[in-house]
Amino acid sequence: MSRTHLERVRASLGIAQLALQQIENDLNSDNLTGVELAAILHEFQEDTDMPGGLLPTLAQLIGAAAHRAEQLEPDHDGDASCPLHEAATLLTDDAGQRLTWAARALHPQGDPV
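Residues numbered from 1 in each chain as written. Predicted model: local features only at pLDDT ≥ 70, side-chain atom pairs only at ≥ 80, totals over all residues. Heavy atoms only, no water.

K.L.:
Mind laying out the overall build of the protein chain, listing which residues take part and the relevant values?
P.N.:
Across its full length, the protein chain carries four helices and zero strands. Along the protein chain, helices (α) and strands (β) appear in the sequence α-α-α-α when read from the amino end. For the protein chain, whose C-alpha radius of gyration is 17 Å, the value lies well above the compact-globule estimate of 13 Å for 113 residues. With respect to the three principal axes, the spread of C-alpha positions in the protein chain is 50 × 35 × 20 Å. Taking as baseline every contact in the protein chain between residues at least 6 positions apart, the subset at least 24 positions apart corresponds to 51%. Total accessible area on the protein chain is roughly 8,300 Å²; 58% of this is exposed by carbon and sulfur atoms. Charged side chains in the protein chain number 6 positive and 18 negative. The centres of these two groups are separated by 8 Å. (Helix = DSSP H or I, 4+ residues; strand = E, 2+ residues; numbered from the N terminus. Rg over C-alpha atoms; globule rule 2.2 N^0.38 Å. Contact = heavy atoms within 4.5 Å. Areas by Shrake-Rupley, 256 points an atom, 1.4 Å probe, with all protein chains shown as cover. Lys, Arg positive; Asp, Glu negative; His and termini not counted. Charge placed at Lys NZ, Arg CZ, Asp CG, Glu CD.)

What follows is the structure in structure tokens.
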């Protein structure tokens, strides 16, 4: 029996949640410095090991959902796709910029290590 789309998404999200829990544990560490926190915030936006970062990847996923919603909307009126496109944009533009500001406040001397 093949797994449904929803089952595969749920399994993948479970894996992602475990990874994100590890990041949260690191963020709650008593010995985390401001420079290290700035570097972590930078990684959320621009992972140096992989193209993109957490926020751009989430925005890409939401953008894919928006494109699919455009195809599925009965009246093609944007009631579903427009909010999804806006959410993707908010992740990269608004949330991303705020992470940059916070990282600069924590490590104003330059780019995080």
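Having seen the model, we can carry on.
K.L.:
Please set out the confidence of the model for the protein chain residue by residue, giving values where relevant.
P.N.:
This prediction gives the protein chain a mean pLDDT of 89; 90% of its residues lie at or above 70. For the protein chain, helix H2 (residues 34–45) is the element with the lowest average pLDDT, namely 91, and helix H1 (residues 5–27) is the one with the highest, namely 95. (pLDDT = per-residue confidence, 0-100.)

K.L.:
How would you sum up helix H4 (residues 81–106)? Please name residues and give values.
P.N.:
Think of an α-helix as turning once every 3.6 residues; residues three or four places apart then point the same way. Between the first and last C-alpha of H4 there are 37 Å, a value that for 26 residues agrees with the 38 Å anticipated at 1.5 Å per step. The largest bend along H4 reaches roughly 40° and is located at Leu90. Close packing links the buried residues of H4 with H2 and helix H3 (54–72). (Expected span 1.5 Å × (residues − 1). Bend = angle between axes of the 7 residues up to and from the residue.)

K.L.:
Run through the pattern of salt bridges, naming residues and quoting values.
P.N.:
Tallying each qualifying case throughout the model produces one salt bridge. Put simply, Asp94 and Arg98 hold a salt bridge, and the shortest N to O gap is 2.9 Å. Of the two residues, Asp94 and Arg98 both sit in helix H4, four residues apart, roughly one turn of that helix. For Asp94, a relative accessible area of 33% gives the class partly exposed. By relative accessible area, which is 46% here, Arg98 ends up partly exposed. (Salt bridge = Lys/Arg side-chain N within 4 Å of Asp/Glu carboxyl O. Buried < 20%, exposed > 50% of the residue type's maximum accessible area, 1.4 Å probe, protein only.)

K.L.:
Give me the nonpolar core: which residues, what numbers.
P.N.:
Grouped together as the largest cluster of nonpolar side chains are nine residues: Ala38, Leu41, Phe44, Leu55, Ala59, Ala88, Leu91, Leu99 and Ala103. Listed by contribution, the elements that provide at least two residues to this core are H2, H3 and H4. Tallying contributions element by element places H4 first for this core, with four residues. The residues contacting Ala88, other than those within four sequence positions of it, are Ala59, Ile62 and Gly63. (Core = buried A, V, L, I, M, F, W, Y, C linked by side-chain atoms within 4.5 Å.)

K.L.:
A description of unusual backbone geometry should follow, citing residues and the corresponding values.
P.N.:
Of note in this structure, His76 is not a glycine but carries a positive phi near 50°. Position of His76 relative to the elements: it lies in the loop between H3 and H4. Note on His76: relative accessible area 57%, which makes it exposed.

K.L.:
Tell me about the packing of H2 against H3, residues and numbers included.
P.N.:
With their axes 3 Å apart at the nearest point, H2 and H3 run at an angle of 25° to one another. It follows from the interaxial angle that H2 and H3 lie roughly parallel. Packed against H2, whose contacting residues are Glu43, Phe44 and Gln45, the element H3 presents Leu54, Leu55 and Pro56 at the interface. Across the contact of H2 with H3, the residue classes tally to four nonpolar, one polar and one charged. (Axes fitted to C-alpha atoms, helices over the stretch in contact; angles between N-to-C directions. Parallel < 35°, antiparallel > 145°, perpendicular 65-115°, else oblique. Nonpolar A, V, L, I, M, F, W, Y, C, P; charged D, E, K, R; others polar.)

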